[in-house]
Amino acid sequence: MIKASNIIKAFSDQQVLKDVSFTFEAGKTNLIIGKSGAGKTVFLKILVGLLNPTSGSIWYDKIDLCSINRDELRALRMKIGMLFQGNALFDSMTVEENIRFPMDMFTKKTAKEKQKQVDLCLERVSLQGSNHKYPSEISGGMQKRVGIARSIVLNPKYLFCDEPNSGLDPKTAITIDELISSITQEHNMTTIINTHDMNSVMEIGENICLLSEGQLAWQGSKAEVLHSQDYVLLDFIFASPFLKRLRETALKN
Amino acid sequence: MKLIRDFGQYVAWLPDIFSRPENMSMYYKETIRQMYDIGIGSLSIVMIISGFIGAVTSIQFSYQLEGTMIPSYYIGYIVRDMMIIEMAVTLTSIVLAGKIGSTMAAEIGGMRQKEHIDAMEIMGVNTSAYLVMPKLLASVVIIPILVIVACIVGIGGGYFAAITVAGFTSAEFIRGLRSFFVPFNILIMLVKSVTFAFIITSVACYQGYFVTGGSIELGQASTRAVVFGSIIILIADLLIALILMS
């Protein structure tokens, strides 16, 4: 479980997050949603410790992220996997080397054991045989899957995904969502996804936090989205007239 | 004001570079790669520049020696000491500040912009140490070797120019080379080269590591790495000269 308490973040005189509190539940796919500029990425970066909040605290179970020292932070981060919006794959390394990097850095496994783990991860994301390709030689969807494989190679307890569907076609986006969701359940991870993709919300959103203008505007599950009367939520999820009509039809039936 | 803030940030950042490595073999591999890049990658430019500088030094001194009472064999002595004390180390370092300094700033800055550094941080890697320490170690080992090469090639260039252009004999030049040799000058050269190697690398890596913004800012950081690196080298050159030669 990860708990954010009264998070405020300001850059100079601009307040980006205004007293946000939310609990991300263990073993569930937690979503941070909101329009562009709502503060989602800043919130995610605060959650992983890449940014410090102006005030407030982040709790990883019983560990206060904001008060631990650098060594404790590094130890905690070894339990964290993260998929970046731009994948952040190392261009000069092959797919296999990218996935093996955390193991090379932090484990004393033999080359054979590392190879086995890499192959397992690649198989899990359906990329068998891509070991020796470079990131520039594979598609955007495949890069996302390599990013997922790299983020789960050390069996993390917490998985963070920053806009995992950005730049992907709807079908590939659903595949990535399903992959993240199933990995979350398999490893009983606490997964936090930052997205503005409505499909993701309705497919895998087990615990959803809606940010609007830096504030927590709504929280609930995907089942509650359809029946909610919250104006901010409906305006975001069912943004187009077509989707509004679709929701009304669904509710009538 | 920004300069003072940058200097404070740079000094506060330096201890992070010397943290204990997470995995020694990964740091070792990276250090070897950097040694190869810096050493082999810069060898030809260092040899070309030092060869010409040695030749020009020789021709200019032969011009100044004309009509004086100074013995002609002094040409070898002057070229040798000029190369050992100043030319080889300072010019090589300024050239390397341009060549490897800009490369390092662009490499680390590019990693910052593509979120590679954030990705490593999330994995638990001490990015300051992993990205900078191997470069720093490689530089302080390889740059003194390049300086020694530059010194030898420079004296060779001076010898060639003295014989073929300035009209000295080989015996005169070699006699000068063997005269008034002070081994302490070699120490000065090595102290300077290690200091300059540290300056080139740490300044360039600092500029890349803390870059913000887009490609224009990355270009500016790369330029700052060269400009600040060169200026600090010259200031350090003066201070070392004052300390060691006084």
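Let us look at the structure shown here. (Residues numbered from 1 in each chain as written. Chains lettered and ligands numbered in written order. Predicted model: local features only at pLDDT ≥ 70, side-chain atom pairs only at ≥ 80, totals over all residues. Heavy atoms only, no water.)

1. A word on the overall build of chain A
Helices and strands together make up the secondary structure of chain A, namely ten helices and ten strands. By the compact-globule yardstick of 18 Å for 253 residues, chain A fits well, its C-alpha radius of gyration being 19 Å. For chain A, the spread of C-alpha atoms along the three principal axes comes to 55 × 45 × 30 Å. Taking all 253 residues of chain A together, 51% fall into the buried category. Pairs at least 24 residues apart make up 64% of the contacts formed inside chain A by residues separated by at least 6 positions. Surface accessibility of chain A: about 11,700 Å² in total, with carbon and sulfur atoms responsible for 50%. Here chain A carries 30 positive and 29 negative side-chain charges, and the mean point of each set is 2 Å from the other. (Helix = DSSP H or I, 4+ residues; strand = E, 2+ residues; numbered from the N terminus. Rg over C-alpha atoms; globule rule 2.2 N^0.38 Å. Buried < 20%, exposed > 50% of the residue type's maximum accessible area, 1.4 Å probe, protein only. Contact = heavy atoms within 4.5 Å. Areas by Shrake-Rupley, 256 points an atom, 1.4 Å probe, with all protein chains shown as cover. Lys, Arg positive; Asp, Glu negative; His and termini not counted. Charge placed at Lys NZ, Arg CZ, Asp CG, Glu CD.)

2. Thoughts on the interface of chain B and chain A
Across the boundary between the two partners, chain B contributes 18 residues, which contact 23 residues of chain A. Between chain B and chain A lies a buried interface of about 1,900 Å² when both sides are counted; carbon and sulfur atoms form 63% of it. Counting the surface chain B buries against chain A, the share from its top three residues, Glu-115, Ile-122 and Met-123 of chain B, is 36%. For the pair chain B and chain A, the number of links is three salt bridges. Scanning the region where chain B abuts chain A turns up six residue pairs in polar contact (both at pLDDT 80 or more). For the side of chain B that touches chain A, the secondary-structure elements that each account for two or more residues are α2 (24-65) and α4 (116-123) of chain B. Classifying every residue of the side of chain B that touches chain A by side-chain character gives eight nonpolar, four polar and six charged. (Buried area = accessible area lost by both parts, 1.4 Å probe. Salt bridge = Lys/Arg side-chain N within 4 Å of Asp/Glu carboxyl O. Polar contact = N/O pair within 3.5 Å; in protein donor to acceptor, adjacent residues only side chain to side chain. Nonpolar A, V, L, I, M, F, W, Y, C, P; charged D, E, K, R; others polar.)

3. Focus on the pattern of salt bridges
Residues and elements named next belong to chain B. A complete count under the given rule lists 19 salt bridges over all chains for this structure. Between Glu-30 and Arg-33 there is a salt bridge, with its nearest N and O atoms 2.9 Å apart. Of this pair, Glu-30 and Arg-33 both sit in helix α2, three residues apart, which is roughly one turn of that helix. Of the residues examined, Arg-33 reaches a relative accessible area of 38% and is grouped as partly exposed. Overlapping salt bridges, with partners in common, bring together Glu-30, Arg-33, Asp-37, Glu-107 and Lys-135 in one network.

4. Some remarks on the sheet that holds strand β9 (residues 207-212) of chain A
All names here are of chain A. Pairing is mixed across the open sheet formed by six strands, whose spatial order is β6-β7-β8-β3-β9-β10. Because the sheet does not close on itself, it has two edges, and the strands there are β6 (80-83) and β10 (215-220). Between one strand axis and the next, the sheet turns through 15 degrees on average, direction left out of account. Inspection of the sheet shows β9 paired to β10 by five bridges, in the antiparallel sense. Bridging across to β10, Ile-208 finds its partner in Gly-220. (Pairing = 2+ DSSP bridges. Axes fitted to C-alpha atoms, helices over the stretch in contact; angles between N-to-C directions.)

5. A short note on the nonpolar core
Formed by 61 residues in total, the largest nonpolar core has its most connected members in Phe-101 of chain A together with Trp-13, Ile-38, Met-120, Tyr-130, Leu-131 and Ile-143 of chain B. Sorting the residues of this core by element identifies α3 (95-106) of chain A together with α1 (2-17), α2, α3 (74-113), α4, α5 (127-164), α7 (184-209) and α8 (215-245) of chain B as the ones contributing at least two each. Element by element, the count of residues in this core is highest for α5 of chain B, at 15 residues. Excluding residues that lie within four positions of it along the chain, Trp-13 of chain B makes contacts with Ser-128, Val-132, Ser-202, Cys-205, Tyr-206, Tyr-209 and Phe-210 of chain B. Counting residues in each nonpolar core, the second largest holds 40 residues, with Val-146, Leu-159, Ile-183 and Met-189 of chain A among its members. (Core = buried A, V, L, I, M, F, W, Y, C linked by side-chain atoms within 4.5 Å.)

6. Quick look at the sheet that holds strand β2 (residues 14-24) of chain A
Residue and element names in this part refer to chain A. Within the open sheet, the four strands sit side by side as β2-β1-β4-β5. Their pairing is antiparallel. Edge positions in the sheet fall to β2 and β5 (63-64), since each has one partner strand and no second. Bridging between strand β4 (residues 55-60) and β5 involves two bridges; their strand directions are antiparallel. Paired with Tyr-60 across the bridge in β5 is Ile-63. Along the sheet face, helix α1 (residues 40-48) touches β1 (2-11), β2 and β4 and points at about 120 degrees away from the line of β1.

7. Observations regarding unusual backbone geometry
Positive phi, normally seen in glycine, also occurs at Asp-61 of chain A, with a value near 50 degrees. Examined against the element boundaries, Asp-61 of chain A turns out to sit in the loop between β4 and β5.

8. What to know about the packing of α1 of chain B against α5 of chain B
All names here are of chain B. The interhelical angle for the contact between α1 and α5, taken along N-to-C directions, is 85 degrees, at an axis separation of 8 Å. Of the possible angle classes, the one that applies to α1 and α5 is roughly perpendicular. Contacts from Trp-13, Asp-16 and Ile-17 of α1 reach α5 at Ser-128, Ala-129, Val-132, Met-133 and Leu-136. Taken together, the residues of the contact of α1 with α5 sort by class into six nonpolar, one polar and one charged. (Parallel < 35°, antiparallel > 145°, perpendicular 65-115°, else oblique.)

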